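Coordinates in review
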Amino acid sequence: MTEIALATRRLAGRIDPVLLAVAVVLAMLALLAPTQALESIRFTGDALIGVLPFLVLSIGVAAYAKASGADGLIARAFTGNLPTMVVLAALMGALSPFCSCGVIPLIAALLAMGVPLAPVMAFWLASPLMEPSMFLLTAGTLGTGFAVFKTISAISIGLLGGIGTLLLGRAGLFADPLRDSVGNGGCGGATVRSPKQVTWRFWDEPARREKFARNAFDNTLFLGKWLAVAFFLESLMLAYVPGELVSSAIGGSGWLTVLGATAVGVPAYLNGYAALPLVGGLIEQGMAPGAGMAFLLAGGVSSIPAAIAVWALARPPVFAAYLGFAFCGAFAMGLIYGVVI
């Protein structure tokens, strides 16, 4: 019995809960609405084929950055004059190829190394919002103009947080940002602690070729899974959520609509990649583009999983500032996008 129980636990640990949930929903759909089940499968397949060129390009960019060591260039954003550091950190945050799981330990490493909170906050806010992979997929899903403005928004929100933190820090706040017993960032901080020279022709070294292949494979599984889940959910949303309901709830172009989308973005946000086609579907059903922008920006920075990680890392005043800058920045950029489009 003990061996059976251990084998069951090992098997359960290998099962992806997200894919399991989708499989359960699809099975129920096949029983209750077989026509819609087939339509959802067709819709998901067609959507994945449509976004495939952007997916392949984004995976290649991320894998190249890791294999060549280009991600180590981020260390250069945290040296020099403090205001300059804030600007460079916001730029690097919006352009860095770090995955979301690596941001929190990286931030811990920076703060533990004594890097001032202002540039760290700028990077912290900008990093989850945009990266080369995210830009390509956003352009493929929502359009190049949307992707460009989201990049500008990521930098702007990073600057807002960095400058705001700098001013508040001069007033005596944030003297000790990290909670007690928080480490130095583990392996996620190695890039900052020990930056290595970039090897642009990484394919000349077997170890780097292996790193490229491993990173590309991991990203393919990760992005493929979340995009498939997102397109499947989008198919259900288009089938069962009345467009009139979406239009009445978060349609229009008023500031209250953008404010509501900003607030909803925190609990409703699933994943940066999964959110793209979902927002695209909502916009097709009547969601204001500015509200869609605010939803992506607010959710990307302060979704519940991200907020929990920040709470575990930073002291309450830093946590409150992080959420405040994210909310205000997302709301402001959503309003601006609604005006300029």
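Just above, that's the structure.
Residues numbered from 1 in each chain as written. Predicted model: local features only at pLDDT ≥ 70, side-chain atom pairs only at ≥ 80, totals over all residues. Heavy atoms only, no water.

With respect to the overall build of the chain
The condition is simple: A helix here means a DSSP run of H or I that spans at least four residues, while a strand means a run of E at least two residues long, and both kinds are numbered starting from the N terminus. For the exposure calls, accessible area comes from a 1.4 Å probe over protein chains only, and a residue counts as buried if that area is under 20% of its type's maximum, exposed if over 50%, partly exposed in between. The contact criterion used is simple: two residues touch if any of their non-hydrogen atoms lie within 4.5 Å. Computed with a 1.4 Å probe, the accessible areas rest on the Shrake-Rupley method; for each residue, only the protein chains presented here act as cover.
Each helix and strand in the chain was counted, giving 16 helices and zero strands. Looking at the chain residue by residue over its 341 residues, the buried ones come to 47%. The contacts in the chain between residues at least 6 apart in sequence include a share of 84% that link residues at least 24 apart. Put simply, the chain shows about 16,100 Å² of open surface, and 70% of that area lies on carbon and sulfur atoms.

Some details on the packing of aromatic side chains
How we decide: Any two of the Phe, Tyr and Trp rings considered here, Trp counted by its six-membered ring, make a pair once their centres fall within 6.5 Å; the pair's planes then place it as stacked at under 30 degrees, edge-to-face at over 60, or tilted in between.
Summed over the entire model, instances satisfying the criterion amount to seven aromatic pairs. Their ring planes at 70° and their centres at 5.5 Å tell us that Tyr 64 and Phe 202 sit as a pair that is edge-to-face. Residue Tyr 64 is found in helix α3 (residues 34–68), and its partner Phe 202 is found in the loop between α9 (190–193) and α10 (206–240); the two are separated by 138 residues along the sequence. Between the aromatic rings of Phe 149 and Tyr 337, the centroid separation amounts to 4.8 Å while the plane-to-plane angle is 50°, which identifies the pairing as tilted.

A word on the environment of Gln 285
Mapping Gln 285 onto the fold places it in the loop between α13 (272–284) and α14 (289–302). Assessed through its relative accessible area of 12%, Gln 285 is described here as buried.

Examining the packing of helix α8 (residues 144–170) against α14
Packed helix pairs are characterised by how far apart their axes lie and by the angle those axes make with each other. In plain terms, the rule: Only the stretch in contact is used when fitting a helix axis, every axis being a line fitted to C-alpha atoms; angles between N-to-C directions are given from 0 to 180 degrees. Here the word oblique covers every angle except those under 35 degrees (roughly parallel), over 145 (roughly antiparallel) and from 65 to 115 (roughly perpendicular). Handedness of a crossing is defined here by the sense of rotation of the near helix relative to the far one, left-handed for an anticlockwise turn of less than a right angle and right-handed for a clockwise turn.
Closest axis-to-axis distance for the α8/α14 pair is 11 Å, and the angle between their directions is 50°. Here α8 lies oblique to α14, going by the angle between them. Taken as a pair, α8 and α14 cross one another with a handedness that is right-handed. Facing Phe 146, Phe 149, Lys 150, Ser 153 and Ile 157 of α8, the residues of α14 in contact are Pro 289, Gly 292, Met 293, Leu 296 and Leu 297.

Keep in mind that these numbers describe shape and distance, not what the molecule does.
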